[in-house]
Amino acid sequence: MFLKLDADGALYDQVYRALRGQILGGRLAAAARVPATRDLARELGVSRNVAIMAYRQLLDEGYLTTRKGSGTFVARELPRHLTTVAARRRPVAARTATPVHLSAYARRVHEVSHGVQFTWAPRRDVLPYDFRYGPPSFTDFPHETWCRIVARRARRVTIRDLDYGTPEGLPALREAIAEYAGRARAIACTPEQILVVNGSQQALDLAARVLVDPGDVVLMEEPHYRGARTVMRAAGAKIETIAVDDHGLRTAELAQRRTPSRLAIVTPSHQFPTGAVMPLGRRLELLAWARRSGACIFEDDYDSEYRYSGRPIEALAALDDSGCVLYAATFSKVMFPSLRLGYMILPERLVEPIRSVKALMDTGGPNFAQSALVDFIREGHFERHLHRMRTRNASRRAAMLEALERHLGSRAQVWGINAGLHLMLWLRDLPASRSRELRMRAARAGVGVYSVEPFYLNPPKQVGLLLGYATMPEKQIAEGIRRFASVVNSL
């Protein structure tokens, strides 16, 4: 008997598949005797244990049977229709396939998400000086501490821990988040107001599902986070924008609006992508507008932990006395993105509606990761890590600012330097039409830079770039900016 192994997976599994294929193909007939395991092992050049394991699997599945003192045989009662190979069906050509009717929602998602990148895939062209914005420094994360906590939790897993969790998240994690939000963001809330989510993108989607009907107006900053715009458009919302200046959203323009709005999405503590911080006066104006108009406010507090000058800014939700602010934050910028944990702090009147919608979507997040995060927070590792990250990122930020001043001087205008993990750079004398050329030339010099254009509904007229500084050491940042400046100065 000739068997050809496919070199895919464990040896015993390869032998099992080869024998099963011989049986199903009719090359080993019903009741036919198969070689002894010792003979098969010698023929294939594998250990006898490998052959025994393959035979055992075939015996368990009913393909083989044994007769005491006689050997091993193909099962006599194997149905005949299983012992022949049916002719392969040719794939149906796309032009003859039956059309599938997509819902209006699916059609909108297809239309508005075309070309939108929600996560960072590895670049095909690995650049040594990649000023990618968004992620934290993974090398600064206390990996050993986290692994120790995860291992300890794994050893203590009970049968009850293997069951479904609650849609709102583990009670212990919600308690830890409520305590942290009170200390760090001055938000007075109960654990019952907290909903653990799979990152800020799910928080936006939940807000859209609960608060927005097709045709409703949603207000957004200009510029703004494109992921939020895409979610709202998929929900059928009409997007209207209000410009951002050095102090964030121009709240004075709210009074001039005549069209009622269902929701406003803002980033007051560190406007994305400009980095502007909304002062107290504007925050109070925004809350007053929401009370008058009956609108809700989605506060995206995506990286407020990183503030490098001035006193900490309390969250918009901390000032809300009318229950109109949905506060969302994520652990992706402090921990790591693949943790996929964030949270919402909800007005009491919205807790049950949003919890019910989330229960339909995912029936609750992974308990194990939430349990490990509880330990990481309660043992003080989270805030110690955050303090170290602030210090390290402040040094990286200073290195970038110094290099930009040295190599570009007055040609560059920098926004958003007091907080976050990135800054916005405007090149005063370069029109937006040269943005793509600049980025391509920079890539050839080994430098990755990113345009601000995707974050505008009405793109700016000059070249604007987002430069992240969290993922590179200071010397690498300085050299990357030097190379980038050489490209700029050559244009």
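Since the model is a prediction, treat every value here as computed from it, not as a measurement.

Novice: Just checking my understanding: could you explain the overall build of the protein for this structure?
Specialist: The secondary structure content of the protein amounts to 15 helices and 16 strands. Relative to a compact globule of 491 residues, whose C-alpha radius of gyration would be 23 Å, the protein shows 30 Å and is clearly more extended. Taken along its principal axes, the extent of the C-alpha atoms in the protein is 90 × 55 × 55 Å. Counting only residues that meet the buried cut, the protein has 49% of its 491 residues in that class. Counting only contacts in the protein whose residues sit at least 6 apart along the sequence, the fraction spanning at least 24 positions is 72%.

Novice: Just to check I follow, could you spell out the sheet that holds strand E16 (residues 462-468) for this structure?
Specialist: Sheet strands line up and pair through hydrogen bonds in the backbone, either parallel or antiparallel. Strand order in the open sheet made by the 4 strands is E12-E13-E16-E15, with antiparallel pairing throughout. Pairing within the sheet leaves two strands with one partner each, and these edge strands are strand E12 (412-415) and strand E15 (450-451). Relative to E16, strand E13 (residues 422-431) runs antiparallel, the two being bridged by 7 bridges. Residue pairing for E16: His422 is matched across the bridge by Gly468.

Novice: For this particular structure, what's the right way to read the side chain of Arg229?
Specialist: Along the chain, the position of Arg229 falls in helix H8 (residues 226-234). Buried Arg229, no salt bridge; nearest opposite-charge side chain is Glu222, N-O distance 5.8 Å. Among the polar contacts made by the side chain of Arg229, one reaches the main-chain carbonyl oxygen of Pro454 at a distance of 3.3 Å. For Arg229, the residues in contact, after removing those within four places along its chain, are Met220, His224, Ile239, Pro454, Phe455, Tyr456 and Leu457.

Novice: Teacher, can you tell me more about the packing of helix H6 (residues 171-185) against helix H12 (residues 367-378) here?
Specialist: For any two helices packed against each other, one specifies the crossing angle of their axes together with the interaxial distance. The interhelical angle for the contact between H6 and H12, taken along N-to-C directions, is 35°, at an axis separation of 9 Å. The way H6 lies across H12 gives a crossing that is left-handed. Contacts between H6 and H12 pair Ala172, Leu173, Glu175 and Ala176 from the former with Gln370, Leu373, Val374, Ile377 and Arg378 from the latter. Partitioning the contact of H6 with H12 into residue classes produces 6 nonpolar, 1 polar and 2 charged.

Novice: Mind showing me how you'd approach H6 here?
Specialist: Residues three or four positions apart in an α-helix share a direction because the helix packs 3.6 residues into each turn. Its 15 residues give H6 an end-to-end C-alpha distance of 20 Å, which sits within 8% of 21 Å, the value for a rise of 1.5 Å per residue. Residues of H6 that are buried include every one of Leu173, Arg174, Ala176, Ile177, Ala178, Tyr180, Ala181 and Arg185, and no others. Buried residues in H6 make contact with strand E4 (194-197), helix H10 (316-319), strand E10 (325-330), strand E11 (342-345), H12 and helix H13 (381-407). Just downstream of H6, Ala186 is the residue with a positive phi angle, here 60°.

Novice: Would you take a moment to explain helix H9 (residues 280-293) for this structure?
Specialist: Its 14 residues place the ends of H9 20 Å apart at the C-alpha level, agreeing with the 20 Å of an ideal helix rising 1.5 Å per residue. Within H9, burial applies to Arg282, Arg283, Leu286, Leu287, Ala288, Trp289 and Ala290. Gly294 sits one or two residues past H9 and shows a positive phi near 75°.

Novice: Whenever I open this one, the pattern of salt bridges confuses me. Can you help?
Specialist: Where charged atoms from two side chains of opposite charge approach closely, those side chains can pair. Taken as a whole and judged by the stated rule, the model has 27 salt bridges. One salt bridge connects Arg152 with Glu379, and the closest N-O pair in it is separated by 2.5 Å. Separated by 227 residues along the polypeptide, Arg152 in helix H5 (residues 143-155) and Glu379 in the loop between H12 and H13 bring together distant segments of the chain. Here Glu253 and Arg250 are joined by a salt bridge, their closest N and O atoms 3.7 Å apart. What makes Glu253 partly exposed here is its relative accessible area of 27%.

Novice: Teacher, can you tell me more about the environment of His247 here?
Specialist: Position of His247 among the secondary structure elements: in the loop between strand E6 (238-245) and strand E7 (248-249). Among the residues examined, His247 registers a relative accessible area of 43% and is labelled partly exposed. Through-space distance from the C-alpha of His247 to that of Arg483 is 32 Å; in sequence the pair is 236 residues apart.

Novice: What is the right way to read the packing of helix H7 (residues 200-211) against H8 from this model?
Specialist: Running from amino to carboxyl end, H7 crosses H8 at an angle of 30°, the nearest separation of the two axes being 9 Å. One finds that H7 runs roughly parallel with respect to H8. In terms of crossing hand, the pair formed by H7 and H8 is right-handed. Where H7 abuts H8, its residues Gln201, Leu204, Asp205 and Ala208 lie against Gly227, Ala228, Val231 and Met232. Counted by class, the contact of H7 with H8 contains 5 nonpolar, 2 polar and 1 charged residues.

Novice: Please explain the packing of aromatic side chains as it appears in this structure.
Specialist: Each pair of aromatic rings is reported with the distance of its centres and the angle of its planes. Tallied over the entire structure, the rule returns 16 aromatic pairs. Ring centres of Phe331 and Tyr343 lie 5.6 Å apart, and the angle between their planes is 50°; this geometry places the pair in the tilted category. Within this pair, whereas Phe331 is found in the loop between E10 and E11, its partner Tyr343 is found in strand E11, the two being separated by 12 residues in sequence. The residues Phe331 and Tyr343 share a single accessibility class, namely buried.

Novice: Could you clarify how one ought to interpret a nonpolar patch on the surface in this entry?
Specialist: Taken together, the side chains of Val157, Leu162 and Phe368 make up a nonpolar region of the molecular surface, amounting to roughly 280 Å² of accessible area. Mapped onto the secondary structure, Val157 falls in the loop between H5 and H6.

Novice: Just checking my understanding: could you explain the sheet that holds E4 for this structure?
Specialist: The strand order across the open sheet formed by 8 strands is E4-E11-E10-E9-E8-E5-E6-E7, and the pairing between neighbours is mixed. Edge positions in the open sheet fall to E4 and E7, since each of these has one partner strand only. Summarising the sheet, E4 and E11 pair through 4 bridges and their orientation is antiparallel. In the strand pairing of E11, Ile194 is matched with Ile345.

Novice: Is there a simple way to explain unusual backbone geometry in this structure?
Specialist: What you tend to see is this: most non-glycine residues have negative phi, and most peptide bonds are trans. With omega at 10°, the peptide bond leading from Glu222 into Pro223 counts as cis. Structurally, Pro223 is set in the loop between strand E5 (217-222) and H8. The linkage connecting Phe272 with the following residue, Pro273, adopts the cis geometry, with an omega of 10°. By the element assignment, Pro273 lies in the loop between strand E8 (263-266) and H9. A positive phi angle is found at Ala31, which is not glycine, with a value near 70°. Looking at where Ala31 falls in the secondary structure, it is placed in the loop between helix H1 (11-24) and helix H2 (37-44). In this structure, Arg340 takes a positive phi of about 55° despite not being glycine. With respect to the helices and strands, the residue Arg340 is situated in the loop between E10 and E11.

Cut-offs used in this document
- Residues numbered from 1 in each chain as written.
- Predicted model: local features only at pLDDT ≥ 70, side-chain atom pairs only at ≥ 80, totals over all residues.
- Heavy atoms only, no water.
- Helix = DSSP H or I, 4+ residues; strand = E, 2+ residues; numbered from the N terminus.
- Rg over C-alpha atoms; globule rule 2.2 N^0.38 Å.
- Buried < 20%, exposed > 50% of the residue type's maximum accessible area, 1.4 Å probe, protein only.
- Contact = heavy atoms within 4.5 Å.
- Pairing = 2+ DSSP bridges.
- Lys, Arg positive; Asp, Glu negative; His and termini not counted.
- Salt bridge = Lys/Arg side-chain N within 4 Å of Asp/Glu carboxyl O.
- Polar contact = N/O pair within 3.5 Å; in protein donor to acceptor, adjacent residues only side chain to side chain.
- Axes fitted to C-alpha atoms, helices over the stretch in contact; angles between N-to-C directions.
- Left-handed = near helix turned anticlockwise from the far one by under 90°.
- Nonpolar A, V, L, I, M, F, W, Y, C, P; charged D, E, K, R; others polar.
- Expected span 1.5 Å × (residues − 1).
- Parallel < 35°, antiparallel > 145°, perpendicular 65-115°, else oblique.
- Phe/Tyr/Trp six-rings, centres within 6.5 Å; stacked < 30°, edge-to-face > 60°.
- Patch = residues over 30% accessible without salt bridge, like charges linked within 9 Å, V, L, I, M, F, W, Y side chains within 5 Å.
- Areas by Shrake-Rupley, 256 points an atom, 1.4 Å probe, with all protein chains shown as cover.

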